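Below, each chain spelled out in residue letters.
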Amino acid sequence: MRVEGAFGGMPSHSTFRYKHKKRSKVWEEYKPIFLNGKVQFAECLYCRSRMSCKDSNGTSHLWRHQKICPGKEDVMQRRLKDSYFPCVLVNENEPVTPGDPVNRIISETLDDINSVIPSRFKSKVWKEFSPIYVEGKLQAADCLHCHKRLSANKYGGRSHLSRHLQTCQARSQKGVFYPSSLPSLKSRGQDELSPSLTNGKVHTADYNSKLLRPGISSDNSPIARPIQVVPAHQPMPTADFPSLKKQRTSFVTATADIGTRKVDQETAYQELARMIALHGYPLSMVEHEEMRRFVKNLNPMVNTVSHNDMVGHCCALFQKEKANLKDKLALSSRRVSLSASIWTADGAEPAVNYLCLTAHFIDKDWKVQRMIIKFGMFQSSPTNVERLIHCKEACVPESESGAYNVIWDAIRDWNLDQKLLSLTSVGEIRDDASTSKLKGILVDKKYLPIRGKLYDIACVDDFLNNIVSEVQQYIMHLVGHMVTEFFGARTSSSSNQQQLVEVISQMSLKCPQEDAKWWHKILFRLEVLLHFKKSFPSEDVASPEDIRVAESICKILRTFYRAIEVISSHSSPTANMYFNEIWKVRTVLQEEASNEHGEISTVVREMQEMFNRYWEDLYLWLCIPVILDPRFKISFIEFRLKRAFGFKSESYLSDIRETLQELFHEYCSSVDQPSGGATESEAFDADFNDSLDDWDQHLNEQASSQKSTELDNYLEDGLVPRKDDFDILNWWMCHTTKYPTLAAIAQDILAMPASAVQSEAAFTNRGPVIPKHHSMLSIKTIEALVCTRDWMR
């Protein structure tokens, strides 16, 4: 029922609303008072002030009152404070929000209310009906299925409700009733705190405290008092209070979120898997008690995940990302270069060595890309009992370990068999018999261009480390005692330590890590010693002869260090940069070979012999990328080699030119080659019916000669001026139309790596390592974590 204005028998507020469809919005904040069917007064919904308002009058005085209304601000603040009360969908899908806080029942719990629900609600029929109250008394019942309203009071029975359920078509169509759709005692207790719906009209409930009534045992026990229906109004939309439409939208959105909680939970597990993979956290962290408490405090509805479940999530994430990258690799590159390195587990005595295979290519946007595509076992100790217990992998099958198996599995898995260009690997892999076996298979199947001349590449930082390691005892003999005496003297007192710290702070050289290679530590100490001598020339650091020896050794090691730093940089340098860095090493060794100090010259000549052996394997793939650099081309290679080798340079230059021509013609034929072969009948008809074969051959020869002109034109064109900001990839992207075949070659050749590891691992004794807490995982799980971490960086 609807309580109207102070004058009885007047039209209701809803009637006024429909008669006056274009009424002023100010009426959203006033209640009209009718007299004899006409509006006579307007009652403010905030301060209850009543003002004269006839149909002939305007509404400007009502607007002015709203600007100075003393009760409006207080009501808005209470509405915001009580916004946590539930909203229900009522007539015309409009929500109603309680206007007054329920201050007097906050101390009571819903369980207290539910414990004293009247006995009439114990009937099973109320599981499928919603009670409707009017002035605190039960008057009707709404069917939860068809929403039909039937009479119901405390004096009438419930048999008519049961009969309705038997004939309710909406109920029979649903078939199975889900618990979430049936009101429990607790939900009915919550409904009594919500606005009620009577006779199709909206009424806002005025919440009162629970009453006490005497029980059978004369004890006072609390019961739930029915909601008292009082005159109500719609919440008014204001600048700082959401409108009814926004309230309904937020309510529906919140309900939808609850319905999709499982999907959100799966997403949360995926994000947790990303975090574990990216930061290398142990998988067991999800079972830590602190982690479980943290998750439960965030949301008690979230289920905890076990260690095994998280392994599954990490592997699922790996497979998802792998599928995306396979598509990217298939669409964004012509040929791919690989690099293979050895990883170990973090620990004193690693029993397993892993092979990490990385793909390098230049995508369609001419950006250098690198990503790990395979992480498998290289070799494992057969006596690794712990791994046998945890992973059952101590005795690794031959099909799952070794360079050949790991690399060949990756090639087939990523569909790279006909897209390979080169393989850069460290010494352990290059010396493995299976590596040469793999190259033979690829060459026999004609998967490699120019018969694999550019396939087998030695890791530059690996062979430079080998050169220095061969003369380690000689270098330590020359400068070891000098370094020991200097640092022993400089750390003996606080004043000397202060001087040493001041010198080190001015140096630009990075301080080596604790597990750095021995020659890196020696280089750093020699740099400090020489810099200290320049800063404090009066100090007696070492004799002049020792200083000269230190300068020579430091010069050699510094060149090695900078070459490795550039080649194994995180920025993935293009292949045209390698020649200059290697040539610097050769130049320094040649200069120091004529050193006046006899012992130094002896050491350097031994290093030169090793370098020259590597040069025979290096020069071809070092020179080809330089020719594709428009700032240098082949004239630069001729200049360098003739000055270095004299008449012997002609053999090098001849081999380089032949390789370039062969590579160019192979790329030309790959472009001209049709996508499919002719059938036998077509070939037979061509042999006997086509009399224009000679003409086709003539055209093909002409096309080949024109394409040969592309290479000649490139080599004969002028050199591009050298600039510090020159971008070789951008240059080739802009000249793809002019040199289409050479651009395709450059896109593949410039992506060849010279290092199989990155700079941090290149200067450490053990190279790349995996966390110790991952070493007891299965190889499949380790691969998922390592690859996913690399892809997300």
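- Per an unreviewed UniProt entry, the protein carries the name BED-type domain-containing protein and comes from Urochloa decumbens.
- Its UniProt record, at the heading Subcellular location (unreviewed entry), says of the protein: "Nucleus".
- Entered under Subunit (unreviewed entry) in the UniProt record, the comment concerning the protein runs "Homodimer."

**Description of the overall build of the protein**
So, step 1. Counting its regular elements, the protein contains 30 helices and 20 strands.
So, step 2. In the protein, buried positions account for 44% of the 793 residues.
So, step 3. Summarising the internal contacts of the protein: among those between residues at least 6 apart in sequence, 66% fall at separations of at least 24.
So, step 4. Of the accessible surface of the protein, which amounts to about 42600 Å², a share of 51% is contributed by carbon and sulfur atoms.

**Considering the sheet that holds strand 6 (residues 129-134)**
So, step 1. Across the sheet, 3 strands lie side by side as 6-7-8; this open sheet has antiparallel pairing. Looking at strand neighbours, the two that pair on one side only are strand 6 and strand 8 (149-151), the edges of this open sheet. Pairwise comparison of adjacent strand axes, ignoring direction, gives a mean angle of 35° for this sheet.
So, step 2. In this sheet, strand 8 lies alongside strand 7 (residues 137-143) in antiparallel orientation, the contact comprising 3 bridges. Paired with aspartate 142 across the two strands is arginine 149, which belongs to strand 8.
So, step 3. Along the sheet, helix 5 (residues 159-167) makes contact with strand 6, strand 7 and strand 8, crossing strand 8 at roughly 150°.

**Quick look at the pattern of salt bridges**
So, step 1. Counted by the stated rule, this structure contains 25 salt bridges.
So, step 2. Salt-bridge contacts for arginine 766 lead to aspartate 346; the nearest nitrogen and oxygen are separated by 3.9 Å. Highlighted residues: arginine 766 in the loop between helix 29 (759-762) and strand 20 (769-770) and aspartate 346 in the loop between strand 15 (336-345) and strand 16 (352-362), separated in sequence by 420 residues.
So, step 3. A residue is classified by how much of its surface remains accessible, and arginine 766, at 30% relative accessible area, is partly exposed.
So, step 4. For arginine 558, the salt bridge goes to glutamate 527, with nearest N and O atoms at 2.7 Å. Taken together, the residues span a long stretch of sequence, with arginine 558 in helix 20 (residues 544-567) and glutamate 527 in helix 19 (residues 518-535) at a distance of 31 residues.
So, step 5. Accessibility expressed as a relative area gives 24% for arginine 558, which makes it partly exposed.
So, step 6. Through salt bridges that share partners, Lys31, Glu43, Arg48 and Arg50 make up one connected network.

**Observations concerning the pairing of strand 6**
So, step 1. Counting buried residues in strand 6 gives 5 out of 6 residues, a clear majority hidden from the surface.
So, step 2. Relative to strand 7, strand 6 runs antiparallel, the two sharing 6 bridges. By the bridge assignment, tyrosine 133 is partnered in strand 7 with leucine 138.

**Examining the pairing of strand 7**
So, step 1. Burial runs high along strand 7: 5 of the 7 residues are buried.
So, step 2. Between strand 7 and the antiparallel strand that follows it, strand 8, lie 5 residues; histidine 147 among them carries a positive phi value of about 65°.

**Examining the sheet that holds strand 1 (residues 30-35)**
So, step 1. In space, the 3 strands of this open sheet follow the order 1-2-3, with antiparallel pairing throughout. Of all strands in the sheet, those with a lone pairing partner are strand 1 and strand 3 (50-52), marking the two edges. Within this sheet the neighbouring strands show an average axis-to-axis angle of 35°, counted without direction.
So, step 2. Of the strand pairs in this sheet, strand 2 (residues 38-44) and strand 3 are connected by 3 bridges, and their pairing is antiparallel. Paired with glutamate 43 across the two strands is arginine 50, which belongs to strand 3.

**Considering the environment of leucine 660**
So, step 1. Summarising the element assignment, leucine 660 is placed in helix 24 (residues 649-672).
So, step 2. Dropping the residues within four chain positions of it, leucine 660 is found in contact with Ile624, Ile627 and Leu711.

**As for the packing of aromatic side chains**
So, step 1. Summed over all chains, the structure comprises 27 aromatic pairs.
So, step 2. Pairing tryptophan 583 with phenylalanine 645 gives two aromatic rings, centres 6.5 Å apart and planes at 75°, and the pair type is edge-to-face. Linking tryptophan 583 in helix 21 (residues 578-592) with phenylalanine 645 in helix 23 (residues 633-645), this pair joins segments that are 62 residues apart in sequence. Neither residue differs from the other here; tryptophan 583 and phenylalanine 645 are each classed as buried.
So, step 3. On the basis of an interplanar angle of 20° and a centroid distance of 6.4 Å, the ring pair of tryptophan 731 and tyrosine 739 is categorised as stacked.
So, step 4. According to the relative accessible area criterion, tyrosine 739 is buried, its value standing at 3%.
So, step 5. Taken together, Phe579, Trp583, Trp615, Tyr619, Phe632, Phe636, Phe645 and Tyr652 form an aromatic cluster joined through their ring pairs.
So, step 6. For arginine 586, the ring lying beneath its charged end belongs to phenylalanine 645, and the centroid distance is 4.8 Å.
So, step 7. Over the ring of tyrosine 714 we find lysine 633, and its NZ or CZ is 4.4 Å from the ring centre.

**Section: unusual backbone geometry**
So, step 1. Located in the positive-phi region is tryptophan 366, a residue other than glycine, with phi close to 60°.
So, step 2. Tracing the backbone through its elements, the reader meets tryptophan 366 in the loop between strand 16 and strand 17 (368-380).
So, step 3. Taking the relative accessible area as the measure of exposure, tryptophan 366 reaches 9% and is therefore buried.
So, step 4. For lysine 446, which is not glycine, the phi torsion reads 60° and is therefore positive.
So, step 5. On the secondary structure map, lysine 446 appears in the loop between helix 15 (433-444) and strand 19 (456-458).

Definitions and limits used
Residues numbered from 1 in each chain as written. Predicted model: local features only at pLDDT ≥ 70, side-chain atom pairs only at ≥ 80, totals over all residues. Heavy atoms only, no water. UniProt positions renumbered as here; feature names shortened; annotations may be inferred. Helix = DSSP H or I, 4+ residues; strand = E, 2+ residues; numbered from the N terminus. Buried < 20%, exposed > 50% of the residue type's maximum accessible area, 1.4 Å probe, protein only. Contact = heavy atoms within 4.5 Å. Areas by Shrake-Rupley, 256 points an atom, 1.4 Å probe, with all protein chains shown as cover. Pairing = 2+ DSSP bridges. Axes fitted to C-alpha atoms, helices over the stretch in contact; angles between N-to-C directions. Salt bridge = Lys/Arg side-chain N within 4 Å of Asp/Glu carboxyl O. Phe/Tyr/Trp six-rings, centres within 6.5 Å; stacked < 30°, edge-to-face > 60°. Lys NZ or Arg CZ within 6 Å of the ring centre and 35° of its normal.

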